[in-house]
Amino acid sequence: MIKRSRGFYETFDRKDGSRTTTFCAGCGHGIIHKLIAEAMADLGIQDRTVFVSPVGCAAFCYYYFDCGNVAGPHGRASAVATGLSRVLPGKVIIAYQGDGDLGAIGFNNAFQAANRGEKFACFFVNNTIFAMTGGQMAPTTMPGQKTTTTPYGRDVAKTGAPLRVCEVFAQLDAPVYVERVSVADTKRIMQARKAVRKALEIQRDGKGYAFVEFLSPCPTNWRMDALKAADYVTQEMEKVFPLGCFKDRSAEEPIRPQDIELADLRTVLGGSDGGVEPQPDPAFREKRFKFSGFGGQGVLSLGLVIAEAAGRAGRYVSWFPSYGPEQRGGAASCSVVMGGQEIGSPAVETPDVLVCMNQPSLERFLTTVVPGGTVLYEASIPAEVKPPQGVTVHSFPAMRIAAELGVPKAANTALLGALMELGLVEIPEEHVLSSLDESFSARPKLVEVNRKVYAAARAWARENLKR
Ligand SMILES: Cc1ncc(C[n+]2csc(CCOP(=O)(O)OP(=O)(O)O)c2C)c(N)n1
Ligand code: SF4
Ligand SMILES: [Mg+2]
């Protein structure tokens, strides 16, 4: 009986609880999955592996692999893997990508990651086609190959020759290991198995970037049965994409310790910022803020001052900006989450506290505030606000208060004062003020006047707003 690889889930509960995959009979993806799952379990790295799933027929890797999983956007698995490997230096990161994904839309991401020698294993599945979308030409499509977009066969004079990614990446200085293998028959699968292990050993030992390309049959889009498709890989594809190891520096690279704790992360990322370590405090209920307005109104800075203050107070905190392409005048918002333990997601869809500096953002976000939450909006917004059930809404003249003190741009600081007066920030004022002062470190003249705006705003809120 063929046994399930230990690196897979026992049953695929994220799918339908079955033990079957979504792949067609004779597809190479299933074999490649098995090789990776086995190697991950055998090398004892499963608990610290994060797998980046692609968009393509293998989009559902997270159904199968029993390890950390992140789904990357189409073509971006190498970019996502770069981010993960940099912030999680003790983990083993795998990017899994098809030839449409890596060779077309995401080529530059993958190429630049290889050139930088990012620490992850990139498994590249070359089935000469965009399979999931119905068989369009990919950069790896064979000369003369019929696809839905090259019905008369790929004409290299018009569409270029097949892209040989291994040969390109092997020219770069940084990659430690580059090999092309095939999963078309047992002998080749055994070689592919070795390559997968080597790429993952390189990750286990912190040695650097490893790239393995798999020649992989797609019987469905090639309109062949499984056996013919496997023969096509060996007899035709290998002529264009020769198998072999293009580069292997793994023996010369020193083993680098991979048991870096999160506490060491600051050092790894380039030095301490002088802040305090977050203090676990399970009793502190996570608080979620959204600050919104036009670009240039200072909503991002307002969120940043509060996030910085939370960090100084020993809270776990995240700050997540979102803005359009416009430098000034477009919509801008940021989310701040502060908690007594690590933050799960920095995105805030349903805030406890919403601050709006313009009408579109008030209209857009008002109904997202959770019951029991609070909205603070700029009083000059010409809107009739119907508070959602259980939500407290305050209109606050931030712009007027700031303008009266000669600094109309400090309306965001006025809002900070109101938030503090309403007790919504829950951070000791000393941290908020030191964070506010520091936000003007490049323009020290503004420190004093912003302090005045802050104090005036607090006083106004004390007189006029109900806590
Ligand atoms: C940004 C974006 N563009 C296009 C698509 C449509 N799309 C989904 S899968 C895919 C191609 C997948 O081909 P490949 O990477 O070769 O994977 P395969 O299915 O062959 O394994 C495309 C173009 C998408 N999902 N997102
Ligand atoms: S369409 Fe091709 S690549 Fe996709 S699952 Fe089927 S055989 Fe595999
Ligand atoms: Mg493909």
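If you're wondering where the values come from, they're calculated on a predicted model, not measured in any experiment. (Residues numbered from 1 in each chain as written. Chains lettered and ligands numbered in written order. Predicted model: local features only at pLDDT ≥ 70, side-chain atom pairs only at ≥ 80, totals over all residues. Heavy atoms only, no water.)

Details of the overall build of the chain
Secondary structure summary: the chain contains 17 helices and 15 strands in total. Dimensions of the chain, computed from the C-alpha atoms along their principal axes, are close to 85 × 50 × 45 Å. Counting every position in the chain, which comprises 467 residues, the buried fraction comes to 50%. Taking contacts inside the chain between residues at least 6 apart in sequence as the whole, the part at least 24 apart equals 66%. For the chain, the exposed area adds up to about 21,800 Å²; of that, 54% sits on carbon and sulfur atoms. For the chain, the distance from the average position of its 52 positive side-chain charges to the average position of its 49 negative side-chain charges is 3 Å. (Helix = DSSP H or I, 4+ residues; strand = E, 2+ residues; numbered from the N terminus. Buried < 20%, exposed > 50% of the residue type's maximum accessible area, 1.4 Å probe, protein only. Contact = heavy atoms within 4.5 Å. Areas by Shrake-Rupley, 256 points an atom, 1.4 Å probe, with all protein chains shown as cover. Lys, Arg positive; Asp, Glu negative; His and termini not counted. Charge placed at Lys NZ, Arg CZ, Asp CG, Glu CD.)

Remarks on the environment of Phe-365
As for its position among the elements, Phe-365 is in helix 13 (residues 359-365). When its relative accessible area of 9% is taken as the criterion, Phe-365 is described as buried. Residues Phe-365 and Asp-437, spaced 72 residues apart in sequence, show a C-alpha to C-alpha distance of 29 Å.

Regarding the coordination of the magnesium ion (ligand 3)
Note on the magnesium ion (ligand 3): its protein donors are Asp-99 (OD), Asn-127 (OD1) and Ile-129 (O). The metal-donor distances range over 2.0 to 2.1 Å. Here the donor residues of the magnesium ion (ligand 3) share one chain and are spaced in sequence as D-x27-N-x1-I. Residue Asp-99 is located in helix 4 (residues 99-105), and its partner Asn-127 is located in the loop between strand 4 (121-126) and strand 5 (129-130); the two are separated by 28 residues in the primary sequence. Since its relative accessible area comes to 2%, Asp-99 is described here as buried. (Donors = N, O, S within 2.8 Å, 3.2 Å for Na, K, Ca; no water.)

Concerning the domain arrangement of the chain
Much of the literature gives interface size as the accessible area that the parts lose upon coming together. According to the domain assignment, the chain consists of domain 1 (28-248) and domain 2 (287-464). Taking only C-alpha atoms, the centre of domain 1 and the centre of domain 2 are 45 Å apart. (Domains from an automatic or database assignment.)

A few points about the site of ligand 2
Looking at ligand 2, the residues that line it are Phe-23, Cys-24, Cys-27, His-29, Cys-57, Asn-127, Ala-131, Cys-218, Pro-219, Thr-220 and Asn-221. By residue number, the principal contributor to the shell around ligand 2 is helix 9 (residues 219-222), which donates three residues. Residue composition of the shell around ligand 2, by class: seven nonpolar, four polar and no charged. (Near = heavy atom within 4 Å. Nonpolar A, V, L, I, M, F, W, Y, C, P; charged D, E, K, R; others polar.)

A closer look at the pairing of strand 10 (residues 287-294)
Taking burial as the measure, the eight residues of strand 10 include seven buried ones, the bulk of the element. In the sheet, strand 10 pairs with strand 12 (residues 331-339) via eight bridges, with the strands oriented antiparallel. Bridge assignment links Lys-287 to a residue of strand 12, and that residue is Met-338. Strand direction decides the pairing type here: strand 10 and strand 13 (residues 353-356), joined by four bridges, are parallel. Bridge assignment links Ser-292 to a residue of strand 13, and that residue is Cys-356. (Pairing = 2+ DSSP bridges.)

Notes on helix 16 (residues 429-438)
If you check which residues of helix 16 are buried, you get His-431, Val-432, Leu-433, Ser-435 and Leu-436. Among the structural elements, helix 12 (299-312), helix 15 (411-421) and helix 17 (445-464) are those in contact with the buried residues of helix 16.

Comments concerning the site of ligand 1
Neighbouring ligand 1 are 16 residues, the closest being His-29, Cys-57, Asp-99, Gly-100 and Asp-101. Backbone polar atom of Cys-57 to an oxygen atom of ligand 1: 2.8 Å apart, as the coordinates give it. A distance of 2.7 Å is found between an oxygen atom of ligand 1 and a backbone nitrogen or oxygen belonging to Gly-100. For ligand 1, the protein covers 72% of the area, taking 590 Å² as the surface of the free molecule. Listing elements by their share of the shell around ligand 1, those giving two or more residues are helix 4 and strand 5. A per-element tally of the shell around ligand 1 places helix 4 first, with four residues. (Polar contact = N/O pair within 3.5 Å; in protein donor to acceptor, adjacent residues only side chain to side chain.)

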